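A look at the structure
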Amino acid sequence: MIGLEGVSAQALSDTIGAIYDCALNPQLWAATCRKIADLCESTAGGICVHDMKHVQNDQLFVFGYEQTFLEKLGENYAKTPMAAADIVADIGHVSALSMNDLDELLESRFYRDILQPHGLQDIIWFPALRTGGRMASMHASRTAKAHRYRQLDINLFKMLSPHVCRALTISDALDLRTLRSEMLERTFDMLAVGVFLTARDGRVVYMNETAERQIKTGNAVRVLGNRIFPTDAAARNALSKAIDEASRDDADLSGHSLAIPDIDGAGYIATLLPVDRGQRSGILAPFAASVAVFMKDPAEVPMMPGEAFARLYKLTGGELRVLMTLAQGLGAKEAADMLGIGEPTVRSHLQRIFAKTNTTRQTDLLRLLQSATPPLLPAQGAVG
């Protein structure tokens, strides 16, 4: 039996109850993390979500830390003893810096550059949930003014860890209706539009691959302090205000668009949509999202839907080739020359396409094709 001398049964029971309350309302984690830290006499704590795909470390519901410490920890997390231990640790396995070789710890850059400058001497933690390329862990810490974690503290964390793991697993399972889908994430990465998901405080909790490419150019938009940062000051203020308004429970579901110009006079059109509507949101990035920001380059040519459009209207291969050629702005004669067929054949194909699509003019046909074009898919992925 785990020894928990000095901890009252009532305090332990209350804390475990608070943990399970978080399964249905993750926003309660802020208070519960403090309750757990108080129980084990810690000065700071919270939940860490590490995104292994994007090498990003996000601190949620944290308290007691200086912001500069959190920034340093996030930048160097992959090199910390916590990250190294969690790669091989089982879910719920408790670790503490004091459990390792103290001399080695004191000589490490992690201690000298990150812990010591901020007055921290010990951290206790356990991995609580793995999903896809992300991992959530709970942690608490003590300053140099307190003693290091002892076996009693480690035993207490061991007592609480399975309950925290179950609560996070329940919360994760109940959020299947939201964005917690690796398939959906792969779909996001196929889009030519940049997708930024932000929490209510404006913090970016997810970016797709296009968004990452957009910020790497630095001409129109960047991410600074884990927030979307347009290079144009007016756009920056407008976007911040729009995110704040879209985060409200009574936000307009129709969305809001604004210009994000770059230094050369071009840039993106940003469209914001609320995604959580005040309902319970999960704790795992990118699924703590409150607002979706779609960043699109208006000059980017959308993909023609090719095969899908042909199947919808039962077009033959020859008819589809004629249609896709005409869609490039060519006339019947030019299309015939490009396809290596006679102009009468092009017109014959076009008449059959009119009949199948219930259109009578080329402009109406191309308008129908354009309306069926998925505007968010990259041109290089075209088929047909």
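Because the structure is predicted, anything quoted here is derived from the model rather than measured. (Residues numbered from 1 in each chain as written. Predicted model: local features only at pLDDT ≥ 70, side-chain atom pairs only at ≥ 80, totals over all residues. Heavy atoms only, no water.)

**Some thoughts on empty space enclosed by the protein**
Rolling a probe over the atoms, with the probe sized like a water molecule, indicates the empty space that remains. One pass over the full model with this rule turns up 3 cavities of 30 Å³ or more. Each pocket or cavity is described by its volume, and for the largest cavity that value is around 110 Å³. Residue lining of the largest cavity: 13 residues in total, with L73, Y77, M82, I123 and H139 positioned closest to the centre. Looking at the lining of the largest cavity, the elements with two or more residues in it are β2 (56-63), α3 (67-76), α4 (81-88), β4 (120-131) and β5 (134-143). Here the lining of the largest cavity is composed, by residue class, of 8 nonpolar, 4 polar and 1 charged. (1 Å grid on protein atoms, 1.4 Å probe; cavity = no way out; pocket = protein on both sides within 12 Å on 5 of 7 lines; lining within 4 Å. Points joined across faces, edges and corners; volume = space filled by probe spheres on them. Helix = DSSP H or I, 4+ residues; strand = E, 2+ residues; numbered from the N terminus. Nonpolar A, V, L, I, M, F, W, Y, C, P; charged D, E, K, R; others polar.)

**Some thoughts on the sheet that holds strand β7 (residues 204-207)**
Taken together, 5 strands build an open sheet; the order of strands is β7-β6-β12-β11-β10 and the sheet is antiparallel. The open sheet is flanked by β7 and β10 (256-261), the only strands paired with a single partner. Neighbour-to-neighbour, the strand axes of the sheet open up by a mean angle of 25°, direction not taken into account. Sheet topology note: the β10/strand β11 (residues 267-274) ladder contains 6 bridges and is antiparallel. Note on β11: the bridge partner recorded for S257 is T271. Packing of helix α9 (residues 209-217) onto the sheet brings it into contact with β6 (194-198), β7, β11 and β12 (291-296), and relative to β6 it is tilted by some 95°. (Pairing = 2+ DSSP bridges. Axes fitted to C-alpha atoms, helices over the stretch in contact; angles between N-to-C directions. Contact = heavy atoms within 4.5 Å.)

**Here's the deal with the packing of aromatic side chains**
This model, assessed by the stated rule, comprises 2 aromatic pairs. Measuring from ring centre to ring centre gives 5.1 Å for Y65 and F69, while their planes differ by 20°; the resulting arrangement is stacked. The exposure classification of Y65 matches that of F69, with both residues buried. Between the aromatic rings of F126 and F157, the centroid separation amounts to 5.6 Å while the plane-to-plane angle is 75°, which identifies the pairing as edge-to-face. Of the two residues, F126 sits in strand β4 while F157 sits in helix α7 (residues 151-174), which places them 31 residues apart along the sequence. Just as F126 is buried, F157 falls in that class too. (Phe/Tyr/Trp six-rings, centres within 6.5 Å; stacked < 30°, edge-to-face > 60°. Buried < 20%, exposed > 50% of the residue type's maximum accessible area, 1.4 Å probe, protein only.)

**Let's talk about helix α14 (residues 343-357)**
The end-to-end C-alpha separation of α14 is 21 Å, in line with the 21 Å expected for 15 residues at 1.5 Å each. Within α14, burial applies to V346, H349, L350, I353, F354 and T357. The arc that holds every buried residue of α14, seen down its axis, measures 145°, which confines them to one face. Turned more than 90 degrees off the buried face of α14, the exposed positions are P344, Q351 and A355. A positive backbone phi angle near 60° is found at N358, which sits one or two residues after α14. (Expected span 1.5 Å × (residues − 1). Arc of directions from axis to C-beta.)

**Points about the nonpolar core**
Grouped together as the largest cluster of nonpolar side chains are 34 residues, with contacts concentrated most on W29, I124, F126, M138, F157, L160 and V164. For this core, the secondary-structure elements that each account for two or more residues are α1 (9-24), α2 (29-39), β1 (44-51), β2, β4, β5 and α7. Ranked by the residues each element gives to this core, the list is headed by α7, at 8 residues. Apart from the residues lying within four places of it in its own chain, the contact partners of F126 are G92, H93, V94, S137, M138, F157, S161, V164 and C165. Of all hydrophobic cores here, the second largest spans 21 residues; its members include I228, I243, Y268 and V291. (Core = buried A, V, L, I, M, F, W, Y, C linked by side-chain atoms within 4.5 Å.)

**Comments concerning the pairing of β6**
Here β6 lies mainly inside the structure; 5 of its 5 residues are buried. Because side chains alternate across β6, one face comprises the buried residues G194, F196 and T198, and the other comprises V195 and L197, equally buried. Relative to β7, β6 runs antiparallel, the two sharing 3 bridges. Each residue of the ladder has a partner; that of T198, found in β7, is V204. Turn length for the β6-β7 hairpin, with the two strands adjacent in sequence and antiparallel, is 5 residues, and the turn residue G202 shows positive phi of about 90°.

**Things to note about the packing of α14 against helix α15 (residues 362-371)**
Where α14 contacts α15, the two axes come as close as 11 Å, and the packing angle between them is 60°. Here α14 lies oblique to α15, going by the angle between them. In this structure, the crossing between α14 and α15 has a hand that is left-handed. In this structure, α14 uses L350, I353, F354 and T357 to contact α15, whose residues at the interface are Q362, L365 and L368. (Parallel < 35°, antiparallel > 145°, perpendicular 65-115°, else oblique. Left-handed = near helix turned anticlockwise from the far one by under 90°.)

**Digging into the side chain of T32**
Its location among the elements puts T32 in helix α2. T32 sits in the buried class, given a relative accessible area of 3%. Not counting residues up to four positions away in its chain, the partners in contact with T32 are A18, I19 and C22.

**Concerning the pattern of salt bridges**
By the definition in use, this model includes 8 salt bridges. The partner of E343 in a salt bridge is R347, with the nearest N and O atoms 2.9 Å apart. Remark: R347 and E343 occur in helix α14; sequence separation between them is 4 residues, near one turn of the helix. What makes E343 partly exposed here is its relative accessible area of 29%. Looking at R347, the relative accessible area reads 46%, which means it is partly exposed. The salt bridge partner of R361 is D364, with a shortest N-O separation of 3.2 Å. Taking the relative accessible area as the measure of exposure, R361 reaches 48% and is therefore partly exposed. Using a relative accessible area of 21% as the deciding quantity, one classes D364 as partly exposed. (Salt bridge = Lys/Arg side-chain N within 4 Å of Asp/Glu carboxyl O.)

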